[in-house]
Amino acid sequence: MISIVVPVYNEEENIIPLFEKLKKVIKKEYEIIFVDDGSFDKSYEILKKIHSENENIKCIKFSRNFGKTAALMAGFETAKGDIIVTIDADLQNDPQDIPKMVEMLNKYDAVSGWRYNRKDPFISKKLPSAISNKLSRWLTGLKIHDFNCGLKAYRKECLDDIELYGEMHRYIPAILAWKGYKIGEVKVKHYPRKYGKSKYGVKRLARGLFDLINFKFWAGYSTRPLHLFGGVGLIMFIAGFLIDLYLVFLKILYGEKLSERPLLLLGTLLMIMGFQIFMTGFLAEIMIRNYYSSSNKKIYVIKEKLE
Ligand code: UDP
Ligand code: MG
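Residues numbered from 1 in each chain as written. Chains lettered and ligands numbered in written order. Predicted model: local features only at pLDDT ≥ 70, side-chain atom pairs only at ≥ 80, totals over all residues. Heavy atoms only, no water.

Caption draft 1: View of empty space enclosed by the protein. All told, the structure shown has two cavities of 30 Å³ or more when counted by the stated rule. Its boundaries defined by the atoms lining it, the largest cavity holds a volume of some 170 Å³. Around the largest cavity, the lining comprises 15 residues; the ones closest to its centre are P128, S129, S132, N148 and R204. Looking at the lining of the largest cavity element by element, the count peaks at six residues for helix α5 (residues 122-140). The class makeup of the residues in the lining of the largest cavity is four nonpolar, seven polar and four charged. In this model, the second largest cavity occupies a volume close to 70 Å³. Lining the second largest cavity are K68, L72, T86, N148, C149, G150, K152, Y154, H169 and I172. Elements represented by at least two residues in the lining of the second largest cavity include exactly α3 (68-78) and β6 (152-155). (1 Å grid on protein atoms, 1.4 Å probe; cavity = no way out; pocket = protein on both sides within 12 Å on 5 of 7 lines; lining within 4 Å. Points joined across faces, edges and corners; volume = space filled by probe spheres on them. Helix = DSSP H or I, 4+ residues; strand = E, 2+ residues; numbered from the N terminus. Nonpolar A, V, L, I, M, F, W, Y, C, P; charged D, E, K, R; others polar.)

Caption draft 2: Looking closely at the layout of surface pockets. Each pocket or cavity is described by its volume, and for the largest pocket that value is around 790 Å³. Lining the largest pocket are 35 residues, and of these D161, W178, K179, K298 and V301 lie nearest its centre. Breaking the lining of the largest pocket down by element, the ones donating at least two residues are α7 (172-178), α8 (203-221) and α10 (262-295). Ranked by residue count, the leading element in the lining of the largest pocket is α8, at six residues. Of the residues belonging to the lining of the largest pocket, the class tally is 22 nonpolar, three polar and ten charged.

Caption draft 3: Summary view of the sheet that holds strand β3 (residues 57-61). The mixed open sheet is built from seven strands, whose spatial order is β3-β2-β1-β4-β6-β5-β7. Looking at the sheet topology across the chains shown, the edges are occupied by β3 and β7 (183-187). Across the sheet, the mean angle from the axis of one strand to that of its neighbour is 20°, orientation sign disregarded. Alignment of strand β5 (residues 110-114) against β6, held across three bridges, turns out to be antiparallel. Paired with V111 across the strands is A153, a residue of β6. Lying on the sheet, helix α1 (residues 15-25) is in contact with β1 (2-8), β2 (30-36) and β3; it crosses β2 at an angle near 165°. (Pairing = 2+ DSSP bridges. Axes fitted to C-alpha atoms, helices over the stretch in contact; angles between N-to-C directions. Contact = heavy atoms within 4.5 Å.)

Structure, rendered in structure tokens:
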């Protein structure tokens, strides 16, 4: 069965046409999960109507706008299918691309859409997105062209214990690749937004950068934070120590007045800061241990087990 997850935030004109297209395209058994992310237009009334007139429709309504990441998570948790497809509600994606993506799941664990001929404004969308894709490719090591396409398909198991927060939905493929899943990419159609407004602007670039740093830290050090903090802290401490040691020699050998040496301040600062960064690493270790032992989370992913 295929579960189609659709995040909806003020998309009243788009829902019905999208639903009609989806119905036509999906030949297998399916369910559609609409997640209304706090819309204040008529979106939810329309969803309720679709729900009452059709089978296999689930609707979730948030109490307020929690963001696309939260909407997708709620959809994933509700989904019963062994394949999960996400698609934007705004008709910019084409449901006709779904069958080939599902087909590709025979070879891959997840397939991400590539809007190779993207129909969005250049300054507010395509330019920031080009920069962000380049950065993402570089920092995550995943060589796909389009991280933020709304149209993606997954095998259920890879989303089973995925954790998303903030606006991390764009990095789902990167998180999955880091977990060892195979990610494919396929060109998909893209259309200009006809109805309603885009919910994201240039601001997203800065936020995306923080999310990326967050991902990078998580991917590299989430199970061993002391390796990062300890390393940086130790280097700073040693540098400070050597600087101050040098000054002590100057004082003993040449009787230099240290109160007139700004270097003293630098050396001392480096030692104090280095020590504190090191201790932050310890704290992080304690937190990580708590986290893994209290939440039943695994530090590994098993692909197959023969018993
Ligand atoms: N969306 C959402 N919550 C939000 C913002 C957006 O559920 O806080 C949905 C929105 O309704 C659409 C999809 O996420 O279905 C993509 O949003 P949008 O089209 O505004 O992004 P863009 O295509 O402009 O990048
Ligand atoms: Mg859109």
